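Architecture and fold: a report
Listed below, chain by chain, are the residues.
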Amino acid sequence: GANTTYTELLDILDSQIESTNGTELQGLKALHYMAIRTAGKIVRNIASLAGNTMLVARNIESGYPFPSDLFVALASLDTTLSVSLQGGVENIHILD
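Residues numbered from 1 in each chain as written. Predicted model: local features only at pLDDT ≥ 70, side-chain atom pairs only at ≥ 80, totals over all residues. Heavy atoms only, no water.

1. Re helix α5 (residues 69–76)
What counts is decided by this rule: Burial classification: accessible surface area is computed with a 1.4 Å probe over protein chains only, and a residue below 20% of its type maximum counts as buried, one above 50% as exposed, and the rest as partly exposed. Counting from the N terminus, the helices are the DSSP runs of H or I reaching at least four residues and the strands are the DSSP runs of E reaching at least two. Residue contacts follow a heavy-atom distance rule, with two residues in contact if any of their heavy atoms lie within 4.5 Å.
Turning to α5, its buried residues are L70, F71, A73, L74 and A75. For α5, the secondary structure elements touched by its buried residues are α1 (6–18), α2 (23–36) and α4 (49–62). Positive backbone phi, approximately 60°, marks D78, located one or two places after α5.

The structure is reproduced here in structure tokens:
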């Protein structure tokens, strides 16, 4: 979910990498590599994936890019975000 931290993402990726093969495996490994290199462990324990994505979105609108390895990795993996709204859930491609 939105409050997933980088540390939680790394745990999820570790289990997914063990049970995946083929081209999807390379994408998961690349995402893991990016996440493990993000800041220090203290930051990874509290920084959320949604917070990082919102920093990118907010800074695009202001004209000052926020350099996010996470966003680049998710975009390269053709990620879709599920956004909860009052009327239900909407799936949005990360680059939209």
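2. Regarding the pairing of strand β1 (residues 80–85)
Under the convention used in this document: Pairing between strands is defined by DSSP: at least two bridges between the two strands are required.
Pairing of β1 with strand β2 (residues 88–93), which is carried by 6 bridges, proceeds in the antiparallel orientation. Looking at β2, one finds that L81 is bridged to I92. In this antiparallel pair of consecutive strands, β1 and β2, the connection spans 2 residues.

3. Topic: α2
Here is the rule we go by: One less than the residue count of a helix, multiplied by 1.5 Å, gives the span that helix is expected to have.
Here α2 contains 14 residues, and its C-alpha end-to-end distance of 20 Å stays within 8% of the 20 Å for a straight helix at 1.5 Å per residue. Within α2 the residues assigned to the buried category are L25, G27, L28, L31, H32, M34 and A35.

4. Regarding unusual backbone geometry
The backbone of A39 sits at a positive phi, close to 50°, despite the residue not being glycine. Structurally, the position occupied by A39 is in the loop between α2 and α3 (41–46). Exposure remark for A39: the relative accessible area of 49% places this residue in the partly exposed category. Its identity as a non-glycine residue notwithstanding, D78 has a phi of 60°, on the positive side.

5. Describing the packing of α1 against α2
Using the following cut-off: Between N-to-C directions, angles cover 0 to 180 degrees, with each direction set by a line fitted to C-alpha atoms, over the stretch in contact for helices. Angles below 35 degrees are treated as roughly parallel, those above 145 as roughly antiparallel, those between 65 and 115 as roughly perpendicular, and all remaining angles as oblique. A crossing counts as left-handed when the near helix is turned anticlockwise from the far one by less than a right angle, and as right-handed when that turn is clockwise. Each residue is assigned to one of three groups, with Ala, Val, Leu, Ile, Met, Phe, Trp, Tyr, Cys and Pro labelled nonpolar, Asp, Glu, Lys and Arg labelled charged, and all others, Gly among them, labelled polar.
Two numbers describe how α1 lies on α2: the axes approach to 10 Å, and their chain directions differ by 150°. It follows that α1 is roughly antiparallel to α2 by the angle criterion. Here the hand of the crossing between α1 and α2 comes out left-handed. Of α2, the residues touching α1 (which contributes Y6, L9, L10, L13, D14, Q16 and I17) are L25, L28, K29, L31, H32, M34, A35 and I36. Of the residues belonging to the contact of α1 with α2, the class tally is 11 nonpolar, 2 polar and 2 charged.

6. Looking at the confidence of the model for the protein
As a general rule, the predicted coordinates of low-pLDDT regions are not to be interpreted in detail. Operational definition: pLDDT runs from 0 to 100 and stands for how confident the predictor is about each residue.
On average, residues of the protein carry a pLDDT of 90, and 100% of them reach 70 or more. The weakest mean pLDDT in the protein belongs to α5 at 87; the strongest belongs to α1 at 96.

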